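# Working through the structure, step by step
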Amino acid sequence: MSKKLLISTGVAFSLLFSPFSQAFAEEPTVGERKQVDNVAHRGATAYAPENTIAGFDLAVEMKADYIEIDVQRSKDGELVVIHDTTVDRTTDGTGKVGDLTIEQLRSLDAGSWKGEQFAGERIPTFEEILDRYHGKVGILIELKAPELYPGIEEQVAEALKDRNLDKPQNEKIIIQSFNFESMKKMDQILPKVPIGVLTSNRAHTTPEALQEFSTYADWFNPSYGIVTEELVNQVHSLGMQIGSWTVRSQEAADFLFEMKVDAIISDYPDYVDPRN
């Protein structure tokens, strides 16, 4: 049975037994914060260069529940972790990610722009990130502009399957994108892996739009500027969870705690840490 059939026929069961659902299945007692997944946006981006080993290692050290990574593809077909579709902002190079070979990409300095202490940080490969972090921290995988890289869904799926990360017991992998068609495809290829849709568009928060997303997505992940209590309730009523981004202030984090979202995606993992 597919996960979508399970959602439609057994929401109550999944709410009781899915670790993903624990966050919103259990209401906090008075004076306590609801348990929320702490997602380090591109790593601990406020303190270390984004999408680098230094940033991800720091996120793990800061006890994040997940690291969020952006996946693209080199000219010669290697999956790499970088946010922008060009290397200009976060490295000492120039050009489009998809126009550079893996050797060219790996030769770039992806750390110095953040500080001299990060000189020599490299653009990681997707497989490097999976091998280093799976089992240590959850990995929220964003397919960045997948329309530029035909077949990237199958390639990402293959890397996960090679590591047995396509199985239901490995609940700490989530795949998301702003490209909804890509996520529909990803859901078909990896039916047991949670899928998320990203948006900052209020048009995607209508009951009709949310209903459509719920046919293939497990997570609805909006920018925090469009989050309301009503939206959170609607998302939950459809059997999905909600993770919001990008938190860069304690006020924004506190607002999302108040809205009872399930995950907070932040450059500052310490703003989401319940011990703070």
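Here is a short report on the structure shown in this document. None of these values were measured; they are calculated from a predicted model. (Residues numbered from 1 in each chain as written. Predicted model: local features only at pLDDT ≥ 70, side-chain atom pairs only at ≥ 80, totals over all residues. Heavy atoms only, no water.)

## Notes on unusual backbone geometry
Following tryptophan 245, the chain continues into threonine 246 via a peptide bond in cis, with omega recorded as -25°. Looking at the element boundaries, threonine 246 is found in strand β8 (residues 241-247). Of note in the backbone geometry, alanine 145 takes a positive phi value of approximately 50° without being a glycine. Looking at the element boundaries, alanine 145 is found in the loop between β4 (138-143) and α7 (152-162). Given a relative accessible area of 16%, alanine 145 falls into the buried group. (Helix = DSSP H or I, 4+ residues; strand = E, 2+ residues; numbered from the N terminus. Buried < 20%, exposed > 50% of the residue type's maximum accessible area, 1.4 Å probe, protein only.)

## Some words on helix α11 (residues 250-259)
Structural remark: α-helix, 3.6 residues per turn; residues separated by three or four positions point the same way. Every buried residue of α11 is accounted for by Ala252, Ala253, Leu256, Phe257 and Met259. Across the axial projection of α11, the buried residues extend over an arc of 160°, all falling on one side. Exposed positions of α11 whose direction lies more than 90 degrees from the buried face are Glu251 and Glu258. (Arc of directions from axis to C-beta.)

## Side note on the environment of leucine 160
Mapped onto the elements, leucine 160 comes out in helix α7. When its relative accessible area of 0% is taken as the criterion, leucine 160 is described as buried. Here the alpha-carbon distance between leucine 160 and phenylalanine 126, two residues 34 residues apart in the chain, equals 10.0 Å. If we skip the residues at most four places from it in the chain, leucine 160 touches Phe126, Leu130, Ile141, Leu165, Asp166, Ile173, Ile175 and Leu190. (Contact = heavy atoms within 4.5 Å.)

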